[in-house]
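The lines below spell out each chain.
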Amino acid sequence: DAGVTQSPTHLIKTRGQHVTLRCSPISGHKSVSWYQQVLGQGPQFIFQYYEKEERGRGNFPDRFSARQFPNYSSELNVNALLLGDSALYLCASSSQGQETQYFGPGTRLLVL
Amino acid sequence: RKEVEQDPGPFNVPEGATVAFNCTYSNSASQSFFWYRQDCRKEPKLLMSVYSSGNEDGRFTAQLNRASQYISLLIRDSKLSDSATYLCVVNNWGTGRRALTFGSGTRLQVQP
């Protein structure tokens, strides 16, 4: 079975632009979480969605938003990009009632 | 104070050595604990869960001390392929969200 997939793998944007990142969870998984990992740090929680509803939100500004679709895939949107948004954006999926989260390969975003 | 703290290292050890990492967490209500491994420019991958009774998986042993709020990982007979960053991870169930809180990671370099 395919693991978590994310697209695109790499992205270069300029300040002020917006970006949409996509994630497809493991088949059968209904929960998707998004994390931001800047260089030298561990991943930081941004959002969690379960059954298309937001279940949790980390300490990120309103420029960050997300949604989950009926097929459980998800999008992360970031508006008004800042240089500090340059990071690896990771998506993780998990099955209902299970704690283990499985990560996708991430999208590497560079903001110039 | 960070919610999960780790010594960033790097730990440089020869092949065959035994190496131990510790991690402390600040939320005494934390419920679940994990070690993830992250290779350079890759996504985190679950190495093992950590239980109060301690658990072992081959050369890897994880321990949890709830009273002192620390988690440890012991790697015996280190291999070159063990070179990676090891992330200590805590899951807080208080709000029901399945969000993981990561430490910044400890880098291990096993040398021939």
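So, how was this worked out
Residues numbered from 1 in each chain as written. Chains lettered and ligands numbered in written order. Predicted model: local features only at pLDDT ≥ 70, side-chain atom pairs only at ≥ 80, totals over all residues. Heavy atoms only, no water. Helix = DSSP H or I, 4+ residues; strand = E, 2+ residues; numbered from the N terminus. Rg over C-alpha atoms; globule rule 2.2 N^0.38 Å. Buried < 20%, exposed > 50% of the residue type's maximum accessible area, 1.4 Å probe, protein only. Contact = heavy atoms within 4.5 Å. Areas by Shrake-Rupley, 256 points an atom, 1.4 Å probe, with all protein chains shown as cover. Lys, Arg positive; Asp, Glu negative; His and termini not counted. Charge placed at Lys NZ, Arg CZ, Asp CG, Glu CD. Disulfide = S-S within 2.5 Å.

Asks: Sorry, what's going on with the overall build of chain B here?
Replies: Counting secondary structure elements, chain B contains zero helices and eleven strands. Its helices and strands taken in sequence order, chain B reads β-β-β-β-β-β-β-β-β-β-β from the N to the C terminus. Here the C-alpha atoms of chain B give a radius of gyration of 14 Å, agreeing with the 13 Å that 2.2 N^0.38 yields for 112 residues. Considered along the principal axes of its C-alpha atoms, chain B spans approximately 45 × 30 × 25 Å. Taken across its 112 residues, chain B has 47% of its residues classed as buried. Of all intrachain contacts in chain B linking residues separated by at least 6 positions in sequence, the fraction that spans at least 24 positions is 57%. Put simply, chain B shows about 5,500 Å² of open surface, and 46% of that area lies on carbon and sulfur atoms. Computed over 13 positive and 10 negative side-chain charges, the separation of the two mean positions in chain B equals 6 Å.

Asks: Teacher, can you tell me more about the state of the cysteines here?
Replies: Each disulfide is one covalent bond, formed between the sulfur atoms of two cysteines. This model, assessed by the stated rule, comprises two disulfides over all chains. Each sulfur in the disulfide pair Cys23 of chain A and Cys91 of chain A lies 1.8 Å from the other. Where Cys23 of chain A bonds to Cys91 of chain A through sulfur, the torsion about that S-S bond is close to -60°, and the disulfide is left-handed. Of this pair, Cys23 of chain A sits in strand β3 (residues 19-24) while Cys91 of chain A sits in strand β9 (residues 87-94), and the two are 68 residues apart along the sequence. Each member of the pair, Cys23 of chain A as well as Cys91 of chain A, carries the same accessibility label: buried. Here Cys23 of chain B connects covalently by a disulfide to Cys88 of chain B, the sulfurs 2.0 Å from one another. Handedness of the Cys23 of chain B-Cys88 of chain B disulfide follows from its S-S torsion of about -70°: it is left-handed. Taken as a pair, Cys23 of chain B in strand β3 (residues 19-25) and Cys88 of chain B in strand β9 (residues 84-91) lie far apart in primary sequence, 65 residues in all. Overall, Cys23 of chain B belongs to the buried group, its relative accessible area being 1%.

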